Amino acid sequence: MAKLNILKEGDETLRKTSRPVTEITPRILTLLDDMAETMRDANGVGLAAVQVGVLRRVVVIECEEGKLIELINPEIIAESGEQEEAEGCLSIPGQYGITHRPMKVTVRAKNRRGETVEYTGEGLLARAFCHELDHLDGVLFTDHVIEMLEPETE
Ligand code: ZN
């Protein structure tokens, strides 16, 4: 596995739309492994492939240690409720803001074996699904933030 470089806000790649994965090749599996390592190393709870410069619809999320969720071509198929909580992004370090998100979200995707999987998340996991899927369409949380919070001081 290898740690990848995370693109930062201002890099135009982050604004591009990612393309679906048509075939789960060894390269995609390596990408998933490397993304998980990169996310953990950065203490993040989610990472989209575009953030490491790969314009493919691939996401990893780990809101709970040891519970890695790998999503290939994910889409939101149901959402309900609402929440307004603080959100951050590994591509926008040190900045946090309040966003409006559904409280409960169900996503459908392919896993690394090409099987169709569904996950339902509430609270933080629901936010992570929305945040990471936004990345696949070039959207950053700052695009629809309600209120930015004071930057963290070292
Ligand atoms: Zn992000």
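Everything below is about the structure shown above.
Residues numbered from 1 in each chain as written. Predicted model: local features only at pLDDT ≥ 70, side-chain atom pairs only at ≥ 80, totals over all residues. Heavy atoms only, no water.

1. Some details on the overall build of the protein
The cut-off we apply is this: Helical segments are the DSSP runs of H or I of at least four residues, strand segments are the runs of E of at least two, and each set is numbered from the N terminus. Radius of gyration means the value over C-alpha atoms here, while the globule rule gives 2.2 Å times the residue count to the 0.38 power. A simple rule labels every residue: compare its accessible area, found with a 1.4 Å probe on the protein chains alone, to the largest value its type can have, and call it buried under 20%, exposed over 50%, or partly exposed in between. Whether two residues are in contact is decided by their heavy atoms: any pair within 4.5 Å suffices. All accessible areas in this document rest on Shrake-Rupley with a 1.4 Å probe, and a residue is counted as covered only by the protein chains that are shown. For the charge count, each Lys or Arg is scored as positive and each Asp or Glu as negative, with His and the chain ends excluded. Every charge is mapped to an atom, namely NZ of Lys, CZ of Arg, CG of Asp or CD of Glu.
Of regular secondary structure, the protein possesses 2 helices and 8 strands. For the protein, the C-alpha radius of gyration of 15 Å lies close to 15 Å, the compact-globule estimate for 154 residues. Its C-alpha atoms put the protein at 45 × 35 × 30 Å along the principal axes. Taking all 154 residues of the protein together, 44% fall into the buried category. In the protein, 64% of the contacts between residues at least 6 apart in sequence involve partners at least 24 apart. In the form shown here, the protein has an accessible surface area of approximately 8300 Å², with 46% of it arising from carbon and sulfur atoms. Taking the average location of the 17 positive side-chain charges in the protein and that of its 29 negative ones, the two points are 8 Å from each other.

2. Here's the deal with the coordination of the zinc ion
For the record, the criterion: Excluding water, the donors of a metal are its N, O and S neighbours within 2.8 Å, or within 3.2 Å for Na, K and Ca, and that exclusion means sites may look incomplete.
All of the protein donors around the zinc ion are Cys89 (SG), His131 (NE2) and His135 (NE2); their distances to the metal are 2.0 to 2.3 Å. Donor residues binding the zinc ion come from one chain and are separated in sequence as C-x41-H-x3-H. Taken as a pair, His131 and His135 lie in helix H2 (residues 124-135) at a separation of 4 residues, close to a single helical turn. By relative accessible area, which is 5% here, His131 ends up buried.

3. Some points on helix H1 (residues 26-41)
Put simply, the rule reads: To estimate how far a helix should reach, multiply one less than its number of residues by 1.5 Å.
A rise of 1.5 Å per residue sets the reference length of H1, with its 16 residues, at 22 Å; its end C-alpha atoms lie 23 Å apart and thus fit the reference within 8%. For H1, the full list of buried residues reads Ile28, Leu31, Leu32, Asp34, Met35, Ala36, Thr38 and Met39. Once H1 ends, the next one or two residues include Asn43, with phi positive near 55°.

4. A look at the pattern of salt bridges
Two side chains bearing opposite charge may form a pair once their charged atoms approach each other closely. This is how the line gets drawn: Here, a salt bridge means any side-chain nitrogen of Lys or Arg that lies within 4 Å of a carboxyl oxygen of Asp or Glu.
Counted according to the given criterion, the structure contains 11 salt bridges. For the salt bridge of Arg112 with Asp33, the shortest nitrogen-to-oxygen distance reads 2.8 Å. A residue pair is termed long-range when its members are at least 10 positions apart, and Arg112 in the loop between strand S6 (104-110) and strand S7 (116-122) and Asp33 in helix H1 qualify at 79 residues. For Arg112, a relative accessible area of 26% gives the class partly exposed. By relative accessible area, Asp33 is classed as partly exposed at 27%.

5. Focus: unusual backbone geometry
A negative phi angle is the norm for most residues apart from glycine, just as the trans form is the norm for most peptide bonds. Even without being glycine, Asn43 reaches a positive phi, approximately 55°. Along the chain, Asn43 falls in the loop between H1 and strand S1 (46-48). The exposure class assigned to Asn43 is exposed, which follows from its relative accessible area of 71%. Although it is not a glycine, Asn73 sits at a positive phi angle of roughly 55°. Relative to the helices and strands, Asn73 resides in strand S3 (residues 69-80).

6. Section: the nonpolar core
To keep things clear, this is the line we draw: Residues enter a nonpolar core if they are buried and are Ala, Val, Leu, Ile, Met, Phe, Trp, Tyr or Cys, with the set joined through side-chain atoms within 4.5 Å.
One finds Val59, Ile61, Ile69, Leu71, Val105, Val107 and Phe129 to be the most contacted residues of the largest nonpolar core, which totals 17 residues. Within the residue set of this core, elements represented by two or more residues are strand S2 (58-61), S3, S6 and H2. Per element, the largest residue contribution to this core is 6 residues, and it comes from H2. Beyond its immediate sequence surroundings of up to four residues, Val59 is in contact with Leu32, Met35, Leu47, Ala48, Ile69, Glu70, Leu71, Glu132 and Leu136. One finds Ile28, Val58, Val60 and Ile72 within the second-largest nonpolar core, a separate group that totals 14 residues.

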